[in-house]
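Inside the fold
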Amino acid sequence: MKFGLNITLLLAVELLAISCTSEISVKHANNLSSVVSVSESVECLWLPIEESAPEAQVTAVGANDRIAPLSVRLSQTKVDYYMPISMQGVERLRVENCSYENICWQQLTTTPQAPDSSYRQDVHFSPERGWTNDPNGMFYKNGEWHLCYQHNPYGSKWGNLSWGHAVSRDLVHWEHLPDILYPDELGAIFSGSAVVDEHNTAGFGEGAVVAIYTSAGAHQTQSIAYSLDGGMTFTKYEHNPVLTSHRADFRDPKVFWYAPRECWVMVLAAGNAMEIYSSANLTDWTFESRCGEDYGYHTGVWECPDLFELPYEDGTKWVLLCSLSIPERGGSSVQYFVGEFDGHRFTPDKKQPEADLLNYGRDYYATVSWSGVEDGRKVVVGWQNNWDYANDLPTKGYRGYMSIPHQLKLVNYSGEPKLVAEPAQEVMAHRRTLISKEVIEIKDKYNAWRHNSDEGAYVIECNIENLSAQVVGLKLFNDSGEWVDVCFDFIDGLLRVDRTNSGELDFNPRFASISVAPLSEATRQSITIVVDRSSVECFTDIAALSNLVFPNEFYSRLSFYTIGGSAAINNLTIKKL
Ligand code: FRU
């Protein structure tokens, strides 16, 4: 055995250049270390990836903006998909922990590979390639909505965290742009926010876009980077990090301008609570307060805060968002607290152990708002996924989606402020009517719609007036026998969204599920449902539920049903998004 291995090693060392094309040359220094170089004309190399392969370490030697080694699942025995690596300014790739016997060496190519299209949604953002989790660094400037996101550009599982970047003028169509922040000697680029520094408080330049993010290395610290070209390219601040802590979990800075004190405020997750800091210039930060230790769910580490003011009754209220895992409420969730903020300290109106959730579906996490929205609305987007199964979603080459953008409002519900999400008005502006019916009276079952051509994502709106039923539901289904049931249970006062027969389920045992939200006492229940190829987002007057689904074909049919009586469906419209 030992003897065999030595021979292998010897052979490998002697056969220094075993894989070569005219453009790509691979040299194996020993059985686990190799060097790949390409001819000067090659700008991009396509790496063959096998999702279940162990991670090899790839260092782009000579690329000064990408000095950290990348973890890449280079193919051992099969190619699941390809990921591109820019070779501009790169002298060679040094590859460690990848056997010279793996098939990746023969499969390296300079031929561009098409991105995967399976389960791609029409109006829900997903990265062109690679993994995404949280939305990051969102700002609005000159009519453009910028969306950055946690991105693994070298594989569709979590890793190599960088900031991907996309831009939209209408919150429906997204243009993919090059990544803007790569890991460096301080660590991976975890979540954070971006602001436009109109008055040049930081000294980088008037109107500079400043990104504030977590550098996740041996410690989690906060760093900044600035852009002088409207957010297309960023330069990291030379004195990073700008904020450190003794805490292991210290991340996800969300920064906003607080006009009454004329300063920047940062809220960030620190262990099982939030911390608030202030700054005059985005570079020097002063600790203000810590909050949340004695209220809310604490079933997981607190993550991805946001803190903002919303109109309520005749005045305003402040809202603190906090993402965390709550196993008894379906895993990844966003809890929120309503209260007051005086520029130093957030004080909740109530200190309940079980906070309300912003969204009652399984797939809505890490929700934060865009900065700089001119009319003051709080437009947010959530990661449409759940850490319970995020790495297993049945897509290849890309993985993860964002919700459609939502806008938030506080409504008076039983005498208390309740945070409610609805689709952003920009998304709803994009509609063309497919059907419209004023009143339909139903008893038992009514087939409302069958869509013959595949026109893509659509939105259903109606209000449901319960006449004498116990349950009124609507069912989305396709010709493969797959369905999603949205059911108003007037006996229990609950809305249930059942995806246990929605399509592909077995990629993870925790995916099949029924999500549950409270129902208001209104006799007419309004409902808006955004149906895309792999998600169903429902909005009532008091609750939103965002859920992924993976049907074999699009849901092209809609029926209503009642149990125990009749109901009227008023003002039904189905519009193409
Ligand atoms: C939330 C989160 C953040 C962190 C990021 C890392 O999903 O864990 O707290 O910054 O993901 O990818």
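First, a word on what this report is: a plain description of the structure on this page. Not measured: the values here are computed from a predicted model.

**Examining the site of the ligand**
Inspection of the region around the ligand gives 13 residues, with Asp134, Gln150, Arg251, Asp252 and Glu303 positioned closest. Contact between the ligand and Asp134: an oxygen atom at 2.7 Å from a side-chain N or O atom of the residue. Note that an oxygen atom of the ligand is positioned 3.0 Å from one of the side-chain N or O atoms of Trp158. Protein coverage of the free-state accessible area of the ligand, which is 310 Å², stands at 95%. Among the residues making up the shell around the ligand, the classes are represented as six nonpolar, three polar and four charged.

**Overview of the sheet that holds strand β11 (residues 162–168)**
Pairing is mixed across the open sheet formed by five strands, whose spatial order is β12-β11-β10-β9-β28. Strands at the two margins of the open sheet, each flanked by one partner only, are β12 (175–181) and β28 (398–399). Across seven bridges, strand β10 (residues 144–152) lies against β11 in antiparallel orientation. Across the sheet, the residue bridging to Tyr149 is Gly164, located in β11.

**A word on unusual backbone geometry**
Look at the link from Asn240 to Pro241: it is a cis peptide, with omega at 0 degrees. Following the sequence through the fold, Pro241 ends up in the loop between β16 (235–236) and β17 (250–258). The phi angle at Asn97 is positive, at roughly 60 degrees, despite the residue not being glycine. Of the residues examined, Asn97 reaches a relative accessible area of 45% and is grouped as partly exposed. Even without being glycine, Leu282 reaches a positive phi, approximately 70 degrees. Within the secondary structure, Leu282 sits in the loop between β19 (273–279) and β20 (286–291).

**Notes on the pairing of strand β40 (residues 557–576)**
The buried fraction of β40 is high, at 15 of 20 residues. Here strand β31 (residues 432–450) runs beside β40; their pairing, made up of 15 bridges, is antiparallel. Along β40, the bridge assignment pairs Val439 with Asn570. Two elements, strand β33 (residues 471–477) and β40, share seven bridges in a ladder whose sense is antiparallel. Opposite Leu474, over in β40, you have Phe560 as the bridge partner.

Cut-offs applied
- Within every chain, residues take consecutive numbers counted from 1 along the sequence as written.
- Where local features are concerned, this predicted model is filtered to residues with pLDDT of at least 70; where side-chain atom pairs are given and counted, the filter is 80 or more; whole-chain, interface and lining totals use all residues.
- Side-chain numbers here rest on the full set of heavy atoms in the structure, without hydrogens or water.
- Any residue with a non-hydrogen atom lying within 4 Å of a molecule or strand is treated as near it.
- What qualifies as a polar contact is a pair of N or O atoms within 3.5 Å, subject to a donor-acceptor requirement within protein and to the restriction that residues adjacent in sequence count only when both atoms come from side chains.
- Each accessible area is a Shrake-Rupley result for a 1.4 Å probe, and residues are judged covered by the shown protein chains and nothing else.
- When residue character is reported, Ala, Val, Leu, Ile, Met, Phe, Trp, Tyr, Cys and Pro are called nonpolar, Asp, Glu, Lys and Arg charged, and the others, Gly included, polar.
- One bridge is not enough; two strands pair if DSSP finds at least two bridges between them.
- Going along the chain from the N terminus, every DSSP run of H or I of four or more residues is numbered as a helix, and every run of E of two or more is numbered as a strand.
- Buried residues are those whose accessible area, probed at 1.4 Å on protein chains only, stays under 20% of the maximum for their type, while exposed residues exceed 50% and partly exposed ones sit between those limits.

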